[in-house]
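Each chain, written out:
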Amino acid sequence: VLIVSINGSATSGSVRFFIGTLFLTLSARSLSLSMSSNPIGGFQNKIKQPLGCLGLGLGEGALGMPLQRKAISLSAFIGIVGALIIQRKHKNRDRGAPRTSPRGEHGLATSRRKSGAGSQRDEESLMGLAHGIAVLHASDADEIERRLRAKLVPGSAVEILAMYSSLLDAVVTDPAHMTTPISDHLVHRGHGVFDTCTLRHNRLHCTDEHIDRLLRSAAAARIHHGFTRASILRAILAAAKASGASSACVRYWIGAGPGDFHWLPDRCVEATLYVVVYNEKPSARKLEPSFDAGLEEITVTPKVPFKPPLLAGLKSNNYLINCLSGMESYAASKRGCYGIQVDEKGRVGEGAVCSALFVFEQEASSNGASNGTSPDEEVRHLVVATPRFDGTILAGTTAAAALALLNEASMLGASAFDQYLRPGETRVVVVDARQRDVYAAEAKEKAREMIFVAGDYKVHGIVRWDGTAIGQGSVGPVARYLNHALEARMHQGNGVAV
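Quick notes on the rules
- Residues numbered from 1 in each chain as written.
- Predicted model: local features only at pLDDT ≥ 70, side-chain atom pairs only at ≥ 80, totals over all residues.
- Heavy atoms only, no water.
- Helix = DSSP H or I, 4+ residues; strand = E, 2+ residues; numbered from the N terminus.
- Buried < 20%, exposed > 50% of the residue type's maximum accessible area, 1.4 Å probe, protein only.
- Phe/Tyr/Trp six-rings, centres within 6.5 Å; stacked < 30°, edge-to-face > 60°.
- Lys NZ or Arg CZ within 6 Å of the ring centre and 35° of its normal.
- Core = buried A, V, L, I, M, F, W, Y, C linked by side-chain atoms within 4.5 Å.
- Contact = heavy atoms within 4.5 Å.
- Salt bridge = Lys/Arg side-chain N within 4 Å of Asp/Glu carboxyl O.
- Pairing = 2+ DSSP bridges.
- 1 Å grid on protein atoms, 1.4 Å probe; cavity = no way out; pocket = protein on both sides within 12 Å on 5 of 7 lines; lining within 4 Å.
- Points joined across faces, edges and corners; volume = space filled by probe spheres on them.
- Nonpolar A, V, L, I, M, F, W, Y, C, P; charged D, E, K, R; others polar.

We now examine unusual backbone geometry. With a phi close to 50 degrees, Asp 169 is a non-glycine residue in the positive phi region. Structurally, the position occupied by Asp 169 is in the loop between strand S1 (158–165) and strand S2 (170–172). According to the relative accessible area criterion, Asp 169 is partly exposed, its value standing at 44%.

In structure tokens:
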């Protein structure tokens, strides 16, 4: 606009020529810099830069002195020469830039940044690393949703049916909208606790013991919140109802809340409660062997330590130790996925996310008649032991339920286990089930069965431990009984109706 106004005025030809040439040089330089900002420009940029500058030279020259052919030619010549000089300058500057480095393919140097030309090269390399990454704003909500749905839905091994968030005080059923603020201390500091329960046949089971444990965990984690048993159950019921499922898994968290990235929770806006209801997809790859096949587990190495008592006694959101334990086991044979922790005294702890039960034969046989059997019958009298909840392991609700069921079965005698016998197996009766210290050496030598229990109803028989066969090296009748009895609890009329 400035040049046009000058052309329309009485300004002398030399002044108009000077202004046109000045704009030519500035435009050529600007174009060249913009083209060279991408360090991966290649052949295409080498063509674009001189041609672009030539076009500017002709245009500016023609605009600057539209009626003087000599001036047009001179201006175009200056444009060409200027473009070539600028192009040569950038070519020489980039000649020494690294093409690859141990840290990536974009030429980002691994050494400390140098001053001068080296620093400028590093800055341009860093600019290139961000090339192609979209910046999405609030106005791009549809694109954000599309990208999230494309990643989360097809690739997930579970179908998340519903999520409650206390920040919304509402239930969301679209997985792309099931979000947690990145500033929630539950996420970036692990300052949160969780628990579970089970939805079976439109009834929520074991809610009392799980919610009580959640509240104890939150108190131990010093999370200040206003959630009560009633408000937590209200959120669980709302999510379960909105899921539309008659049977599913339910998981819920209490976090210190969003607000900042500090380690202290004092500036958190409010504590948060999240509830999800989900089911594993039938097509999902199975990570555990079938029940009948049993697990082959290992003792995890000292590289995976026991949790300190505080973290061991509550269900913290930080499950790194649990994950590493399971990963060691899974890497060993793909026939285990929990691992077994043993302390320095040789006492058994727990698996990654499960409690361990051991079945031993009673040392001195008691009177068979008291257990519904004849003294002349061949019946194995068994005792079941699980490690004590002494603060070094989690107080497993499923383990507690298993002990109660086994003690009830002992009142029925051997008949309680008869239907779970395989051909050729001797009749058994559990005469006692309790907590006590269990030592790894004792278990490997004497245990007739080893069982993992978790998640209200899940049961796994351990057939081998560190390569040593447990009992007969197969899933035994006590594991089969528990597998049926724990699941049968879910079919009874107890629980909270959804």
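After that view, the rundown keeps rolling.
This part is about the packing of aromatic side chains. The geometry of an aromatic ring pair is captured by the separation of the ring centres together with the interplanar angle, meaning the angle of the planes. Under the criterion given, the structure shown has five aromatic pairs. Between the aromatic rings of Phe 194 and Tyr 319, the centroid separation amounts to 5.2 Å while the plane-to-plane angle is 75 degrees, which identifies the pairing as edge-to-face. Remark: Tyr 319 occurs in the loop between helix H10 (309–312) and helix H11 (320–333) and Phe 194 occurs in strand S3 (residues 192–200); sequence separation between them is 125 residues. For the pair formed by Phe 194 and Tyr 319, the shared burial category is buried. Ring centres of Phe 358 and Trp 465 lie 6.4 Å apart, and the angle between their planes is 35 degrees; on these two criteria the pair is classed as tilted. Linking Phe 358 in strand S8 (residues 355–361) with Trp 465 in strand S12 (residues 458–465), this pair joins segments that are 107 residues apart in sequence. For the pair Phe 358 and Trp 465, a shared accessibility class is recorded, and that class is buried. Ring-pair connections join several aromatic residues into one group, and the members of that group are Phe 417, Tyr 420 and Tyr 481. The ring of Tyr 457 carries the charged tip of Arg 200 above its face, separated from the ring centre by 4.5 Å.

A few words on the nonpolar core. The biggest cluster of nonpolar side chains holds 43 residues, and the ones touching the most others in it are Leu 357, Leu 406, Phe 417, Ile 451, Val 478, Tyr 481 and Leu 482. Residue contributions to this core peak at seven residues, all from helix H12 (residues 397–410). Residues contacting Leu 482, with those up to four places away along its chain left out, are Leu 357, Ala 402, Leu 406, Ile 451 and Val 459. Membership of the second largest hydrophobic core comes to 27 residues, among which are Ile 223, Ile 254, Val 277 and Leu 314.

Attention now goes to the pattern of salt bridges. Counting across every chain of the model gives 22 salt bridges. Residues Arg 147 and Glu 143 are paired through a salt bridge, measuring 2.7 Å at the closest nitrogen-oxygen approach. In this pair, Arg 147 and Glu 143 are both assigned in helix H6 (residues 141–155), four residues apart and thus about one turn of the helix distant. Among the residues examined, Arg 147 registers a relative accessible area of 40% and is labelled partly exposed. What makes Glu 143 partly exposed here is its relative accessible area of 24%. Residues Arg 213 and Asp 195 are paired through a salt bridge, measuring 2.8 Å at the closest nitrogen-oxygen approach. Of the two residues, Arg 213 is situated in helix H8 (residues 207–220) and Asp 195 in strand S3; the sequence distance between them amounts to 18 residues. No difference in accessibility class separates Arg 213 from Asp 195, as the two residues are buried. One network of salt bridges, with partners in common, ties together Asp 343, Arg 347, Arg 388 and Asp 437.

With that settled, the discussion passes to the pairing of S12. A regular strand carries its side chains on alternate faces of the sheet. Buried residues dominate S12, accounting for six of its eight residues. Here strand S7 (residues 295–297) pairs with S12 via three bridges, running parallel. From the neighbouring strand, Glu 296 faces S12, where its bridge partner is Arg 464. In this structure, the hairpin formed by strand S11 (residues 449–454) and S12 is closed by a connection of three residues, where Gly 455 is found at a positive phi of approximately 60 degrees. Where S12 and strand S13 (residues 468–469) come together, two bridges link them in antiparallel fashion. Paired with Arg 464 across the two strands is Ala 469, which belongs to S13.

Right, let's talk about empty space enclosed by the protein for a bit. All chains considered together, the criterion is met by five cavities of 30 Å³ or more. Approximately 110 Å³ is the volume attributed to the largest cavity. As for the largest cavity, its lining consists of 13 residues, and the residues nearest its centre are Asp 343, Arg 347, Val 348, Asp 390 and Thr 392. Of the residues contributing to the lining of the largest cavity, the split by class is five nonpolar, two polar and six charged. Volume-wise, the second largest cavity comes out at about 60 Å³. Every residue lining the second largest cavity is listed: Lys 307, Ile 321, Asn 322, Ser 325, Gln 341, Glu 350, Gly 351 and Ala 352. Residues of the lining of the second largest cavity, tallied by class, amount to two nonpolar, four polar and two charged.

Take the environment of Arg 347 next. The topology assignment puts Arg 347 in the loop between H11 and S8. Taking the C-alpha atoms as reference points, Arg 347 and Pro 387, separated by 40 residues in sequence, lie 8.3 Å from one another. Contacts of Arg 347, omitting those with residues within four sequence positions, involve Gln 341, Val 342, Arg 388, Asp 437, Val 438 and Tyr 439.

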